Amino acid sequence: MNRFVLLSFDVEEFDMPLEYKFPISAEEQMRVGKQGLDALAPVLTDPAITSTLFTTANFAMHYPAAIRQLAQQHEIASHTFYHSDFTDEHLLSSRQKLEEISGQTVTGLRMPRMRKVSMQEVKKAGYLYDSSVNPTWLPGRYNNLHLPRTLYLDEGMIRVPASVSPLLRIPLFWLSFKNLPYAVFKRLSLQTLKKDGYICLYFHPWEFTDIGNYGLPGFTKKHHGPVLLNRLQQLIKDLRQEGDFISMNDFVKQKAPR
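So, here's what we can say about the structure. Each chain carries its own residue numbering, running from 1 in the direction its sequence is written. For this predicted model, a pLDDT threshold of at least 70 governs which residues receive local features, and a threshold of 80 or more governs which side-chain atom pairs are given and counted, while totals over whole chains, interfaces and linings are taken from all residues. The side-chain values count all of the structure's non-hydrogen atoms but skip hydrogen atoms and water molecules.

1. Description of the overall build of the protein chain
Inference 1: Helix and strand counts for the protein chain stand at 12 helices and 11 strands.
Inference 2: Computation of the radius of gyration draws on C-alpha atoms alone. For the globule rule, the value is 2.2 Å times the number of residues to the power 0.38. Relative to the 2.2 N^0.38 estimate, which gives 18 Å for 258 residues, the radius of gyration of the protein chain is 17 Å and therefore close to what a compact globule would have.
Inference 3: With respect to the principal axes defined by its C-alpha atoms, the protein chain has extents near 45 × 40 × 40 Å.
Inference 4: Counting all 258 residues of the protein chain, 57% fall into the buried class. The secondary structure listing takes helices from DSSP runs of H or I that are at least 4 residues long and strands from runs of E that are at least 2 residues long, numbered from the N terminus. To sort residues, take the accessible area from a 1.4 Å probe on protein chains only and compare it with the maximum for the residue type: under 20% means buried, over 50% means exposed, and anything in between is partly exposed.

What follows is the structure in structure tokens.
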């Protein structure tokens, strides 16, 4: 099969409630993040799936044994050092810490909340690719309609955007997966996979646990917990008929422009 599914998870402390002025301790942020990662076990232990886990060094330092075990099957990539605090120095320090914990060479980066980052700084920190681009318009967040939809070079850095549908650029990410009817998301995903030869999807482990009581807007917590896990497993089943689940690192090494 010559089509690829790049399934990725942003493995992080659950600090999203703070965006909505809901208090949550650092300890609980970690606990909810780990609980979600544990809930994903049916997906992450499936031998037919290799995914990419964009992990904050902070999270990995709290749960090193879990990250080491996951690294035996999945790619560990950087989600910088902390989810809500960033300096350029964190690009290198997070990569080094994740390599120390996972035993892998860390080649990929995704910035928290898809924030902009200097490609020169990313290259200087030793990364092969960056996946911090959502080439769509998300009100209040970003307008990236001018950027390429598919893998491209930016100042010599390989960039792997999150997938959006052809033509209308409907984002195929965690929020649309929750809020679009499943049949619509599936159709758009298959259309994108067939058109582009790959699809890049991303979720967060904390979505797959109970986040109903953290003051989040309804559109962010629709279909959370086991209901969302069942929905993801159905998507995996449907996509598996059309593409192979591989790590982003392996995909980049095969397909990257030179």
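2. Considering the environment of Arg-3
Inference 1: Locating Arg-3 in the fold gives a position in the segment before strand E1 (4–11).
Inference 2: Residue classification places Arg-3 among the partly exposed positions, given a relative accessible area of 28%.
Inference 3: For the pair Arg-3 and Gly-197, spaced 194 residues apart in the sequence, the C-alpha separation amounts to 4.8 Å.
Inference 4: Each residue touching Arg-3, except ones within four places of it in the same chain, is listed here: Leu-193, Lys-194, Gly-197, Glu-242, Gly-243 and Asp-244.
Inference 5: Think of a polar contact as two N or O atoms within 3.5 Å of one another; within protein, one of them needs to be a possible hydrogen donor and the other a possible acceptor, and neighboring residues in sequence only count if both atoms come from side chains. At 3.1 Å, the side chain of Arg-3 forms a polar contact with the side chain of Glu-242. Contacts between residues were defined by any pair of non-hydrogen atoms, one from each residue, lying within 4.5 Å.

3. Topic: the nonpolar core
Inference 1: As used in this record, nonpolar core signifies buried Ala, Val, Leu, Ile, Met, Phe, Trp, Tyr and Cys residues forming a set joined through side-chain atoms within 4.5 Å. In this structure, Phe-9, Phe-14, Leu-91, Phe-203 and Leu-232 are the most contacted members of the largest nonpolar core, which totals 64 residues.
Inference 2: Looking at which element gives the most residues to this core, the answer is helix H11 (residues 226–240), with six residues.
Inference 3: By size, the runner-up hydrophobic cluster in this structure holds 15 residues, among which are Leu-151, Tyr-198, Met-248 and Ala-256.

4. Some points on the pattern of salt bridges
Inference 1: One speaks of a salt bridge when a side-chain nitrogen belonging to Lys or Arg is within 4 Å of a carboxyl oxygen belonging to Asp or Glu. Under the definition given, this model contains 16 salt bridges.
Inference 2: Between Arg-31 and Glu-28 there is a salt bridge, with the nearest N and O atoms lying 3.2 Å from each other. Taken together, the positions of Arg-31 and Glu-28, both in helix H2 (residues 26–39) and three residues apart, correspond to about one turn of that helix.
Inference 3: With a relative accessible area of 41%, Arg-31 lands in the partly exposed category.
Inference 4: Looking at Glu-28, the relative accessible area reads 26%, which means it is partly exposed.
Inference 5: Residues joined in a network through salt bridges with shared partners are Asp-15, Glu-19, Arg-113 and Arg-141.

5. Points about helix H12 (residues 248–255)
Inference 1: Among the residues of H12, Met-248, Asn-249, Phe-251 and Val-252 are the ones counted as buried. Projected down its long axis, H12 shows its buried positions confined to an angular sector of 160°, all on one face.
Inference 2: Where the residues of H12 are buried, they touch E1, strand E2 (52–55), strand E3 (75–78), strand E5 (129–130), strand E9 (157–159) and strand E10 (198–203). Directions drawn from the helix axis to the C-beta atoms are what define this arc.

6. Some points on helix H9 (residues 182–196)
One turn of the α-helix equals 3.6 residues, which is why residues spaced by three or four share an orientation.
Inference 1: If you check H9, its first and last C-alpha atoms are 21 Å apart, about what 15 residues at 1.5 Å a residue would give, namely 21 Å.
Inference 2: If you check which residues of H9 are buried, you get Tyr-182, Phe-185, Leu-188, Ser-189, Leu-190, Thr-192, Leu-193 and Asp-196.
Inference 3: Packed against the buried residues of H9 are E1, helix H8 (174–179), E10 and H11.
Inference 4: Of the residues trailing H9, Gly-197 is marked for its positive phi of about 85°. An expected span of 1.5 Å times one less than the residue number is assigned to each helix.

7. A short note on the pairing of E10
Inference 1: Most of E10 is tucked away, with six of its six residues classed as buried.
Inference 2: Both faces of E10 are covered, namely the face carrying Tyr-198, Cys-200 and Tyr-202 and the face carrying Ile-199, Leu-201 and Phe-203.
Inference 3: Alignment of E1 against E10, held across six bridges, turns out to be parallel. For Ser-8, the partnering residue across the bridge sits in E10 and is Tyr-202. Paired strands, as defined in this entry, are two strands with at least two bridges between them according to DSSP.

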